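Below are the chains, spelled out letter by letter.
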Amino acid sequence: MAADKPIYYGGGKGSSPIYYGGSGGKKPIYYGAARNYGGSYGVSYGAYGGTAYGGTRAENDDGSLVGTITLARMLRVISQRWLSIFVFLLVGLIVSFAVYRISPTIYEATSEFTMDMRRSTGSNSRGALADVTPDYGNSYIEIFNTRISDWRSEKVIAKIVQQYRASRPSSTVSDEEIIGTLAGAKLELGRNSRIIKIALRSKSPSLCADLANAYAESIEAFTDEENKLRCDKAVSQIHGNVERKRREVDKVAKQLLDFRTANKVDTLRSTRDTIAQSLSKTTGDILALETSETQLIEWEKMLSAVQKDPATYGSLSTGIPRAQEIASEFRAYQDSEGQYQKLLFAFTGEHPEVITAKKALELAKQRFLDAAARALLTGRSTLQVTRNQLVNLKQKQEELRNSLASIAQRIVLAESGLGMLEAEYNVANEVLKGLILNENQARIEAEANNEIVRVGRPAGIPTKPVLPNPLLIFGVGVFLSIALGVLFVLVIDNLEDTVVNLADIEGRLALKVLAVLPHVRRKKRDEVAKFLLEDKYSQFSESVAGLRNLLDSPRYEAVSHCLLIISTQPGEGKTITSTSLAIAYAQAGRKVLHVDFDLRRPRLARIWGLDGMDVQHSFSHVLQNAGSTTPDFMALVNHTTVPGLDVIGSLSPKGVSPSTIFGSSVVTEFFNWARSSYDYVIVDSPPYGVVGDVVSLAVMVDAVIIMCCPDRTHFKPIQFCSSSLTEAGANIIGAIVNDIEISSASAFTPHSHGRGYHKYDYGYGYGYGSGYRPKDDEEGEEGRRDSGGSDTGDEADQAESSEAMAPKGFVDEE
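Residues numbered from 1 in each chain as written. Predicted model: local features only at pLDDT ≥ 70, side-chain atom pairs only at ≥ 80, totals over all residues. Heavy atoms only, no water.

Engineer: Hey, could you run me through the packing of aromatic side chains in this one?
Structural biologist: The geometry of an aromatic ring pair is captured by two quantities: the separation of the ring centres and the angle between the planes. By the definition in use, this model includes 16 aromatic pairs. On the basis of an interplanar angle of 80 degrees and a centroid distance of 5.1 Å, the ring pair of Phe-597 and Phe-619 is categorised as edge-to-face. In this pair, Phe-597 is assigned in the loop between strand E7 (592–596) and helix H17 (604–607) and Phe-619 in helix H18 (residues 619–624), connecting sequence segments 22 residues apart. On the basis of relative accessibility, which here comes to 0%, the residue Phe-597 falls in the buried class. Judged by centre distance (4.8 Å) and plane angle (50 degrees), the ring pair of Phe-619 and Phe-670 falls under tilted. One end of the pair, Phe-619, is in helix H18; the other, Phe-670, is in helix H20 (residues 666–677), and 51 residues separate them in sequence. Here Phe-619 falls in the buried class, since its relative accessible area comes to 0%. Cluster of aromatic residues (ring-pair linked, three or more members): Phe-597, Phe-619, Phe-633, Phe-670, Phe-671, Trp-673 and Tyr-678. (Phe/Tyr/Trp six-rings, centres within 6.5 Å; stacked < 30°, edge-to-face > 60°. Helix = DSSP H or I, 4+ residues; strand = E, 2+ residues; numbered from the N terminus. Buried < 20%, exposed > 50% of the residue type's maximum accessible area, 1.4 Å probe, protein only.)

Engineer: Can you walk me through the nonpolar core in this structure?
Structural biologist: Generally speaking, nonpolar side chains in soluble globular proteins are found buried as a group. Ranked by size, the top nonpolar core spans 53 residues in total, and within it Ile-505, Phe-597, Phe-670, Phe-671 and Leu-725 carry the most contacts. When residues in this core are grouped by element, the largest group, six residues, is from H20. Excluding its chain neighbours within four sequence positions, the residues that come into contact with Phe-597 are Phe-619, Leu-623, Phe-662, Val-667, Phe-670, Phe-671, Val-683, Asp-684, Ser-685, Pro-686 and Leu-697. Grouped together as the second largest cluster of nonpolar side chains are 39 residues, Tyr-556, Ile-583, Ala-586 and Leu-610 included. (Core = buried A, V, L, I, M, F, W, Y, C linked by side-chain atoms within 4.5 Å. Contact = heavy atoms within 4.5 Å.)

Engineer: Help me out: how do you make sense of the side chain of Asp-684 in this one?
Structural biologist: Among the structural elements, Asp-684 can be located in strand E10 (residues 680–684). Look at Asp-684 and you get buried, because its relative accessible area is 1%. Side-chain polar atoms of Asp-684 contact the side chain of Thr-575, separated by 2.9 Å. Discounting chain neighbours no more than four positions away, the residues touching Asp-684 are Ile-565, Lys-574, Thr-575, Ser-578, His-594, Val-595, Asp-596, Phe-597 and Asp-598. (Polar contact = N/O pair within 3.5 Å; in protein donor to acceptor, adjacent residues only side chain to side chain.)

Engineer: Is there a simple way to think about the packing of helix H2 (residues 82–102) against helix H11 (residues 470–495) in this case?
Structural biologist: Helix packing for two helices is described by the angle between their axes and how far apart those axes are. Where H2 contacts H11, the two axes come as close as 8 Å, and the packing angle between them is 150 degrees. Taken as axis vectors, H2 and H11 run roughly antiparallel relative to one another. The element H2 and its partner H11 pack so that their crossing is right-handed. Seen from H2, the contacting residues are Ser-84, Ile-85, Phe-88, Leu-89, Gly-92, Leu-93, Ser-96, Phe-97, Val-99 and Tyr-100; seen from H11, they are Pro-470, Ile-473, Phe-474, Gly-477, Val-478, Ser-481, Ile-482, Leu-484, Gly-485, Val-486, Phe-488 and Val-489. For the contact of H2 with H11, the class distribution of residues is 16 nonpolar, six polar and no charged. (Axes fitted to C-alpha atoms, helices over the stretch in contact; angles between N-to-C directions. Parallel < 35°, antiparallel > 145°, perpendicular 65-115°, else oblique. Left-handed = near helix turned anticlockwise from the far one by under 90°. Nonpolar A, V, L, I, M, F, W, Y, C, P; charged D, E, K, R; others polar.)

Engineer: Is there a simple way to think about the state of the cysteines in this case?
Structural biologist: For the structure on display, the rule yields zero disulfides. Take Cys-709: it sits in no disulfide, and the sulfur closest to it among the cysteines is that of Cys-708, at 7.9 Å. Of the residues examined, Cys-709 reaches a relative accessible area of 1% and is grouped as buried. (Disulfide = S-S within 2.5 Å.)

Engineer: I tried to follow the side chain of Arg-712 on my own but got confused; where do I start?
Structural biologist: Looking at the secondary structure, you find Arg-712 in the loop between strand E11 (703–708) and helix H22 (715–728). Judged by relative accessible area, which is 7%, Arg-712 ranks as buried. A distance of 3.4 Å separates a polar atom in the side chain of Arg-712 from the backbone oxygen of Gly-571.

Engineer: Sorry if this is basic, but what is going on with helix H6 (residues 175–183) here?
Structural biologist: Three or four residues apart is the spacing at which side chains of an α-helix point the same way, because the helix has 3.6 residues per turn. Those residues of H6 lying buried are Ile-178, Thr-181 and Leu-182. Taken around the axis of H6, the buried residues stretch over an arc of 100 degrees, which confines them to a single face. Opposite the packed face of H6, turned more than 90 degrees from it, sit the exposed residues Glu-176 and Ala-183. Turning to H6, the residues buried within the fold contact helix H5 (154–167), strand E3 (195–202) and helix H7 (205–262). (Arc of directions from axis to C-beta.)

Engineer: Just checking my understanding: could you explain unusual backbone geometry for this structure?
Structural biologist: Apart from glycine, the bulk of residues carry a negative phi angle, and the bulk of peptide bonds sit in the trans form. Looking along the chain, the bond that leaves Leu-467 and enters Pro-468 is cis, with omega of 0 degrees. Considering the arrangement of structural elements, one finds Pro-468 in the loop between strand E4 (451–455) and H11. Located in the positive-phi region is Asn-192, a residue other than glycine, with phi close to 55 degrees. As for its placement among the helices and strands, Asn-192 is situated in the loop between strand E2 (186–189) and E3. For Asn-192, a relative accessible area of 79% gives the class exposed.

Any link to function would need more than the numbers given here.
What follows is the structure, encoded as structure tokens:
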């Protein structure tokens, strides 16, 4: 019953599986709320695993409208869309021609004048004339760059207008037009020369020539007036500077004399030296007394300890009073103790000699203690005297330090003030001397130290216009049009996301194309899957055989024994391709196992007619119920009518959790068994990105092959698939291009009219989807609806709802 189906198979008759769409006619959930192939694939792909393609950007998509710009990409896009760029070029040429025609005719006139700076070689005169004659620089370039602002000033512009009116009194040109023309004037200093050119542009050739000449004459008059004013002011200004500086020198000299009288610096320095010597001697005495105090303290400690226990006596410095007396008594004490111990060893304690030796020992000890007591008393007296002396010397030291600090402070203040006044006096006196010398020289050089400007070559009336410039206009037009055209095609290329030709696959996707499979005009999936059994010499059969031979080649032979066929979305022909490849290997005499690992939507059971399969022989159910025991995989094998080809299929996934199965070790055990039992293992999988099962399978097989359908497969999903599987450790050996419409039998020659036309002169015409029926095959459509094929019951309902969801032209839906 439809109500008993798993929820991911749809709610009932007429509804498709939830991960393929909520109900018949709706878009599959794995497409998300919307399909935005122009931007990033940021949608979640529904119940098939929730994998989003937004995690990795496409190779030519860095988030901008243009995408990542590389030389290889630009060459590819330009070669594909050269016609669009050519259209932009034509438009650019048309616009350039229009600009050339509507641009006004402009003439240019040029006049010249020379500039000379007769600067004096005397260094002092420049300081004297600095206020009157500004320093414009040491080179003519510096002078020109400095003076150009003066030559463009309102004062000079007014002179030019006045000069023009004087030379052309009958002119009807307004002042506003003259000023507007002068605003565009260019002044340029000739290279390695003193010639300055004035260039003016105007629609009237005579006006620009007259204004250029008036400009040069006005600059000459303006410079002469400035020179006269500077010469009049030069001497008087320098003399005023000399008098001001002389008064400053006299004032500083008086301040210096008064300071020397008020502050007796020499007396303070002598007093400072005397105090410093006394302080040094006092410090030395304090250090000597402190050393003596330390020795006496140590002596006192030792003698105090000796009185308590004579055995603690060590030795005293010879410089300490009574040190020799104490040492002598201690040696006598030691000798008496040694004699007593010797007799005590030989005799008993009551022996007369022992008693006599003991009395002598006690007498020697008492003498030693008396000597130590006398020395201790002497040391304490000496220590007290030393301490009293230290107190007096430290008080004296503190007084000397305070006196020395006070004297030093007074000396610093006095020397600082004296030094400043002396430096100020010296500087002022030197400046005064320089000003007096400059004053004398300025009287001679005032006239010679001027800037001289003279009109050179006057401007003539131009005969040829300078604008519009056809080379510039058309050159810029061609450059901008080509640049805009390239930018346009890059944007279009970035926005379009579907695979169009082999260059897209091998260039942009960096995948090797292993085979190109032609379109087969069949109505049923089962018929297309077994097409190799009906016609071994068709173009489709030859293409599959070529793929088999390629995989048997030395390059791929080591990694082609366990193959996983995947796609990035349903309807790209992976089930048909895996079935055809398995048949091709079996026809070549190999022992082949074809496994259906699309556990959520198994198809191989229907293709191979395994209608009588029960739960005990359903691959997905056996894996689900395996637990910790290893199933008997051989019991799952179904022999086909093709010699050497076995199939393992699954029933509808009711009560099956594929995610749990792929997380268990039973899958690994199955692949170990399959590798050991068969020459080749061909695995059919669910679409990548729709569920996460593919990642688990990809790392268990020898190699992975990705399916592509022109005008259907999108770059971002397949790029994300390739990068993710590679990072997971899978070995992707290439791609298979499926569903190529054959228009003529010839070689697959790469030649494209561009992505925008969706037409290819390969000898093949791209159809839509993995569809194994033509778009215009109305009879096939009716036959499909009438016959129902091999679909019965709920499975037929499911197939019909799934096929109804496919775009027009699709029958195979993966």
